[in-house]
Amino acid sequence: MKSIKEDMMEDIKNTCLTVSFELKRHFRMKRMIISFLLAIGLPLIFYIVPLIWASFPDTAEGFATLNLSFVNLLIIISGSLFAGDAVVGEFEEKTGLLLFSTPQRHSTIFVGKYIGALLPTLVVVSIYYLTTSIEIIGIYGVEGITLEYFKSFFIALVYTTSAVSLIFFFSSILKRKITSTLLGFFSLLMILPIIENVLQFLVEVEPWYILTYSAGLITNVFVGTTPIGGGPGGQMGQFSPDFYSGLTVMVAYTLILFFLAVFIASKRRME
Amino acid sequence: MMWKRMRSSGLTLFVITLLLISASALHVVGEEDEAIKQQPPDDLDISITNLTFSNPEPEEGEVITISVTVRNNMAQRIDDLTLSLMRFDQNITEKEISIGPEEEETFDFEWEAVGGTQTITAVLSAEVFGERIEISLRSEDIDVEPEPLGDIYSPILAILFIFAVVFGSVLIPSIVASFSGKSKDED
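Structural notes on the overall build of chain B
Scanning chain B from N- to C-terminus turns up three helices and nine strands. Seen in sequence order, chain B has helices and strands lined up from the N terminus as α-β-β-β-β-β-β-β-β-β-α-α. Across the 187 residues that make up chain B, the buried fraction comes to 32%. Once local pairs closer than 6 in sequence are excluded, the contacts in chain B between residues at least 24 apart make up 64%.

See the structure below:
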């Protein structure tokens, strides 16, 4: 019988192997190239279009707010690309028959798959922010990069983890890759924002527990406590997410859905 | 005799006519006085001459004083004027004022600054001789430094906490197995 230390080291090694395999798979399937190109191309639109046809916003905060209001979209696209088929793919394509028969713990496989989906998504978001920061420095100078910009970056990273957890959760409970990917994509892009807007404007209740509502913090940090509304539409709302409860909601979504997904996937059997 | 009677009736008529003329003249004068009283002055000369802030670059939440100077160029006192401050279309505060003839007076208002670029409009309104008058003066744009939302450490700690839990979850099965005495093959 192995000692606890050896057991832990083996689990870490196995998880790293799964992560490395997942990253290679994403690279082979050209998902990384596509999402990295999007991460560079999307912010470039906000630079090139005003450069040719219009003028840049007066302040660096204005430019960052405009540009980063679309980082949500990139998080949703990359999250769906990398996590949409992470678990369900093994069951649908029956590759799990080979994978699950290895002496590796099932939980380490799924944790590895989660990390394998999370890391490239975080890199994509970081590239988006890096491209935007280069643009800001080019237009407004180094002083255009404020503390709020870094705050927005870290909030975007936290939101990325919760978005990946949600899509990963769908991947662990559904039977088909396409259903899981589409449900993950549309729940973050449409379903949750619709529920959020109905609660805000019709029921007039603050939807603080809706994940996409908290995502409004990514751009709200640039305007301070004055609400400008959140979500991909940037609609003016009567509520604005509280900074600390918004962060707590994102962390709660990440961890609860992650553990649920790993637990359900570990208990799931090949049909 | 006849002549005497005619003279006395003529005199009476004359007196009556004189009285009637005086009465009607008095009536006309009274009407004229009333007309002067009811008619609005031709030049309703009241103006807002100045609108200043105690701090033109306040921070959000800071209470600043907005001073509005009103001038009455007329020779009569004007009462029941309403001086209000508007931010966009919202009324922030208002007060009832009155101002004496040929006087200039400054009225102070306290305002808790709201973040962003703000424009304050002072509006002087009143009902003068049945007519509603409204005079306004718009301030220059003032930039109110918004109160920062949250701090930088919380999102960093949140992401580190998530990483710690996710990476730490790899070790949970080994720890649980060692306590329960189960080997990996049995797991």
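The structure having been displayed, the exposition proceeds.
A short note on the pairing of strand 4 (residues 90–99) of chain B
Residue and element names in this part refer to chain B. Where strand 3 (residues 78–87) lies against strand 4, eight bridges are found, and the strand directions are antiparallel. Considered in strand 4, the bridge of Leu 83 is made with Lys 95. Hairpin connection of strand 3 to strand 4: two residues between the antiparallel strands, including Phe 88 at a positive phi of 55°.

Examining the packing of aromatic side chains
Enumeration according to the criterion identifies 19 aromatic pairs over all chains in this entry. Of the aromatic side chains, those joined through ring pairs into one cluster are Tyr 129, Tyr 149, Phe 150, Phe 153, Phe 154 and Phe 222 of chain A. For the cation-ring pair, Arg 268 of chain A lies above Phe 91 of chain A, with the distance from its terminal atom to the ring centre recorded as 4.3 Å. The cationic tip of Lys 95 of chain B hangs over the ring face of Phe 109 of chain B; the distance from NZ or CZ to the ring centre is 4.8 Å.

Remarks on the side chain of Asn 72 of chain B
All names here are of chain B. Tracing the backbone through its elements, the reader meets Asn 72 in strand 2 (residues 63–72). Judged by its relative accessible area of 0%, Asn 72 is buried. Only 3.3 Å separates the side chain of Asn 72 from the backbone oxygen of Ile 99, close enough to count as a polar contact. Here Asn 72 is in contact with Asp 45, Ile 46, Arg 77, Ile 78, Ile 99, Gly 100, Pro 101, Glu 102 and Glu 103, once residues within four sequence places are set aside.

Topic: the nonpolar core
Ranked by internal contacts, the top residues of the largest apolar core, which has 78 residues, are Tyr 128, Tyr 129, Val 158, Tyr 159, Phe 168 and Leu 188 of chain A. Once residues within four sequence positions are removed from consideration, Leu 188 of chain A is found in contact with Ile 76, Tyr 159, Ala 163, Leu 166, Ile 167, Pro 193, Leu 211 and Thr 212 of chain A.

Focus on the interface of chain A and chain B
At the interface, 42 residues of chain A touch 34 residues of chain B. Counting across the interface, chain A meets chain B through zero salt bridges. At the boundary of chain A and chain B, one finds four residue pairs in polar contact (both at pLDDT 80 or more). Sorting the residues of the side of chain A that touches chain B by element identifies helix 1 (4–28), helix 7 (106–140), helix 8 (147–173), helix 11 (217–220) and helix 12 (243–267) of chain A as the ones contributing at least two each.

Digging into unusual backbone geometry
Despite not being glycine, Lys 30 of chain A has its phi angle at roughly 65°, a positive value. Residues other than glycine seldom take positive phi values, yet Glu 102 of chain B does so here, at roughly 55°. Locating Glu 102 of chain B in the fold gives a position in the loop between strand 4 and strand 5 (103–112). On the basis of relative accessible area, Glu 102 of chain B is assigned to the partly exposed category, the value being 47%.

About the cut-offs
- Residues numbered from 1 in each chain as written.
- Chains lettered and ligands numbered in written order.
- Predicted model: local features only at pLDDT ≥ 70, side-chain atom pairs only at ≥ 80, totals over all residues.
- Heavy atoms only, no water.
- Helix = DSSP H or I, 4+ residues; strand = E, 2+ residues; numbered from the N terminus.
- Buried < 20%, exposed > 50% of the residue type's maximum accessible area, 1.4 Å probe, protein only.
- Contact = heavy atoms within 4.5 Å.
- Pairing = 2+ DSSP bridges.
- Phe/Tyr/Trp six-rings, centres within 6.5 Å; stacked < 30°, edge-to-face > 60°.
- Lys NZ or Arg CZ within 6 Å of the ring centre and 35° of its normal.
- Polar contact = N/O pair within 3.5 Å; in protein donor to acceptor, adjacent residues only side chain to side chain.
- Core = buried A, V, L, I, M, F, W, Y, C linked by side-chain atoms within 4.5 Å.
- Salt bridge = Lys/Arg side-chain N within 4 Å of Asp/Glu carboxyl O.

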